[in-house]
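Analysis of the macromolecular model
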Amino acid sequence: MELKSWLASADAPHSGFPLQNLPYGVFASGSEDHIGVAIGDQILDLRACARSGIFDGLPQAIVRACEAPVLNPLMALGTTSWSTLRRRLTSLLDAQAGREIQRRVETHLVSMSGAVMRLPAAIGDYTDFYASIDHATRVGEQFRPTNPLLPNYKYVPIGYHGRASSIVVSGGTIRRPHGQIKPPEDPPVFAPTQSLDYELEVGLFVGPGNPLGQPIPIAAAEDHIFGLCLVNDWSARDIQSWEYQPLGPFLGKSFSTTLSPWVVPLEALAPYRVPEFARPAVDPAPLPYLQSPAPDRAAIDLTLEVYLESNRMRQAHVAPHLLGRSNLRHLYWSLAQMVTHHSSNGCNLRPGDLLATGTVSCPDPGSEGCLLELRRNPEPVRLPTGEQRRFLEDGDRVTLRAYCQQAGSPRIGFGECSGTIAGPA
Ligand code: CA
């Protein structure tokens with residue numbers, strides 16, 4: 001029988017936060033930050049649950065982790081503890097729960113609409129990959145028309161070390177950055193970027209880490225993934241194109257990265273696992289250390305969307321305009337391959353580290369995960385107001401959404417990852 005919650009809003013169509021999801025986040029509660037779980041249009045306050053005895057009988061380490069102001073201690077505990085807590089949360093919120101349990105839990109629900117969300121974890125390190133071959137090919141065509149995909153792409157999950165300090169939670173403004181911009185025929189100038197872009201990405205939070213010097217074998221990689229969220233890796237393309245050789249992205253990326261506040265547990269995504277990317281026969285097989293032990297469920301069928309709303313659209317109450325719809329299942333490299341490759345040299349990952357996929361695009365038009373890819377179209381993007389876009393303008397609000405859905409099951413939503421462009425300082 002389909003699991004249902006006693007909380008009516010959890011079972012509303014398209015709530016995105018049914019009993020089957022239970023994503024974790026951090027919200028402001030007075031002068032403190034508390035861990036919470038999203039259910040319907042409410043947040044269950046886990047610190048309040050821990051202190052009120054509702055978690056009695058759970059291992060002390062789990063109860064203590066629920067009292068922390070960030071998710072890192074819970075992330076560090078590992079899959080067995082995550083499942084134990086998830087089972088308890090499910091039973092507390094299940095329609096079968098008794099009236100007395102319901103009454104006790106209800107006192108710890110907070111309305112999501114009024115909540116101020118924080119970053120879910122203290123993020124020690126942020127790494128960004130480049131795992132969508134469709135994105136890599138379309139971008140490569142613009143930087144290197146004759147040689148879009150470099151020879152290492154099908155062997156190496158390409159990535160770079162990003163900047164953790166400038167990661168912000170959804171809902172804020174993004175200041176248009178200054179940087180060096182090189183006009184084709186003139187020396188570079190230092191000016192606000194004229195080529196501000198978004199990147200539609202999925203992030204994974206590292207659970208238990210690995211000791212320095214001890215790689216994570218691919219068979220164990222998913223035990224190190226706490227859950228997934230949405231990432232907008234804002235990019236200044238003009239700054240990027242001038243600075244990126246020979247060492248890769250730098251200031252064109254590090255000015256800001258926006259994260260959705262809810263981290264969806266990998267366990268909630270189990271029904272949506274699909275076979276790994278089908279490599280064409282001419283492509284090399286991954287090297288042995290990157291070969292998935294469970295190729296029939298290495299990928300995730302997760303729909304991703306990006307919407308744009310200009311200042312004028314907002315004033316005219318025009319609904320945000322869909323710019324692209326993509327799917328995580330098309331990634332050339334899986335999440336497990338990213339974790340294993342990252343640690344394959346002995347590099348230690350730590351609880352709360354963030355690994356992002358890179359822009360997720362699909363083969364078909366309309367699936368582009370950034371404006372840079374849309375530049376191959378002869379016409380600029382046209383908004384419902386008649387405005388046109390090659391890149392983002394001040395006042396533009398970009399919102400990422402994601403969900404898993406299949407017939408007969410409630411939608412597993414990721415919430416929103418949004419940011420609004422503000423003029424240069
Ligand atoms: Ca990126």
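Since we're looking at a predicted model, the values are computed, not measured.

Overview of a nonpolar patch on the surface
Residues Tyr 155, Leu 287 and Tyr 289 make up a contiguous nonpolar surface patch of roughly 270 Å² in combined accessible area. Position of Tyr 155 relative to the elements: it lies in the loop between helix H6 (133-143) and strand S7 (159-161). Judged by its relative accessible area of 40%, Tyr 155 is partly exposed.

Remarks on the sheet that holds strand S5 (residues 117-118)
With antiparallel pairing, 5 strands are arranged side by side in an open sheet as S4-S3-S2-S1-S5. A strand with exactly one partner marks an edge of an open sheet, and here the two such strands are strand S4 (109-111) and S5. Sheet topology places strand S1 (residues 24-29) next to S5; 2 bridges connect them, and they run antiparallel. By the bridge assignment, Val 26 is partnered in S5 with Arg 118. Packing of helix H4 (residues 79-93) onto the sheet brings it into contact with S1, strand S2 (32-39) and strand S3 (42-45), and relative to S1 it is tilted by some 65 degrees.

Side note on the coordination of the calcium ion
At the metal site, the calcium ion is ligated by Asp 128 (OD), Glu 199 (OE), Glu 201 (OE) and Asp 233 (OD), and these contacts range over 2.2 to 2.3 Å. Written as a sequence motif, the donor residues of the calcium ion are D-x70-E-x1-E-x31-D. Taken together, the positions of Asp 128 in strand S6 (residues 126-129) and Glu 199 in the loop between strand S12 (196-197) and strand S13 (200-206) put the pair 71 residues apart, joining distant regions of the chain.

Some remarks on the nonpolar core
Residues Tyr 198, Leu 228, Leu 269, Leu 302 and Leu 392 are the most contacted members of the largest nonpolar core, which totals 61 residues. Excluding residues that lie within four positions of it along the chain, Tyr 198 makes contacts with Asn 232, Asp 233, Trp 234, Arg 237, Val 306, Leu 323, Gly 369, Cys 370, Leu 371, Leu 374, Leu 392 and Val 398. Counting 46 residues, the second-largest nonpolar core is a separate cluster that includes Phe 55, Leu 74, Leu 93 and Leu 354.

Let's talk about the packing of aromatic side chains
Centre distance and the angle of the planes are the two values used to describe a pair of aromatic rings. In total, this model carries 7 aromatic pairs according to the counting rule given. Summarising the aromatic geometry, the rings of Tyr 130 and Tyr 153 are spaced 6.2 Å apart at their centres and angled 75 degrees between planes, so their arrangement reads as edge-to-face. Within this pair, whereas Tyr 130 is found in the loop between S6 and H6, its partner Tyr 153 is found in the loop between H6 and S7, the two being separated by 23 residues in sequence. Overall, the relative accessible area of 26% leaves Tyr 130 in the partly exposed class. A relative accessible area of 2% means that Tyr 153 is categorised as buried. Relative to Trp 333, the ring of Tyr 332 lies with its centre 5.6 Å away and its plane at 75 degrees, an arrangement referred to as edge-to-face. For Arg 279, the ring lying beneath its charged end belongs to Trp 333, and the centroid distance is 4.6 Å.

Some thoughts on the layout of surface pockets
In this structure, the largest pocket occupies an estimated 650 Å³ of space. Of all the elements in the fold, those that place two or more residues in the lining of the largest pocket are S6, H6, S7 and helix H7 (237-243). Per element, the largest residue contribution to the lining of the largest pocket is 5 residues, and it comes from H6. Grouping the constituent residues of the lining of the largest pocket by class yields 16 nonpolar, 9 polar and 6 charged. Its boundaries defined by the atoms lining it, the second largest pocket holds a volume of some 520 Å³.

A look at the domain arrangement of the chain
Domain boundaries in the chain define domain 1 (8-118) and domain 2 (126-422). With 27 residues of domain 1 at the contact, the number on the domain 2 side is 24 residues. Regarding the contact of domain 1 and domain 2, the summed buried area is about 2,000 Å², with carbon and sulfur atoms giving 71% of it. Per-residue buried area on domain 1 facing domain 2 is highest for Tyr 24, Met 75 and Trp 82; these three make up 27% of the total on that side. Where domain 1 touches domain 2, the interface holds 0 salt bridges.

Conventions and cut-offs
Residues numbered from 1 in each chain as written. Predicted model: local features only at pLDDT ≥ 70, side-chain atom pairs only at ≥ 80, totals over all residues. Heavy atoms only, no water. Patch = residues over 30% accessible without salt bridge, like charges linked within 9 Å, V, L, I, M, F, W, Y side chains within 5 Å. Areas by Shrake-Rupley, 256 points an atom, 1.4 Å probe, with all protein chains shown as cover. Salt bridge = Lys/Arg side-chain N within 4 Å of Asp/Glu carboxyl O. Helix = DSSP H or I, 4+ residues; strand = E, 2+ residues; numbered from the N terminus. Buried < 20%, exposed > 50% of the residue type's maximum accessible area, 1.4 Å probe, protein only. Pairing = 2+ DSSP bridges. Contact = heavy atoms within 4.5 Å. Axes fitted to C-alpha atoms, helices over the stretch in contact; angles between N-to-C directions. Donors = N, O, S within 2.8 Å, 3.2 Å for Na, K, Ca; no water. Core = buried A, V, L, I, M, F, W, Y, C linked by side-chain atoms within 4.5 Å. Phe/Tyr/Trp six-rings, centres within 6.5 Å; stacked < 30°, edge-to-face > 60°. Lys NZ or Arg CZ within 6 Å of the ring centre and 35° of its normal. 1 Å grid on protein atoms, 1.4 Å probe; cavity = no way out; pocket = protein on both sides within 12 Å on 5 of 7 lines; lining within 4 Å. Points joined across faces, edges and corners; volume = space filled by probe spheres on them. Nonpolar A, V, L, I, M, F, W, Y, C, P; charged D, E, K, R; others polar. Domains from an automatic or database assignment. Buried area = accessible area lost by both parts, 1.4 Å probe.

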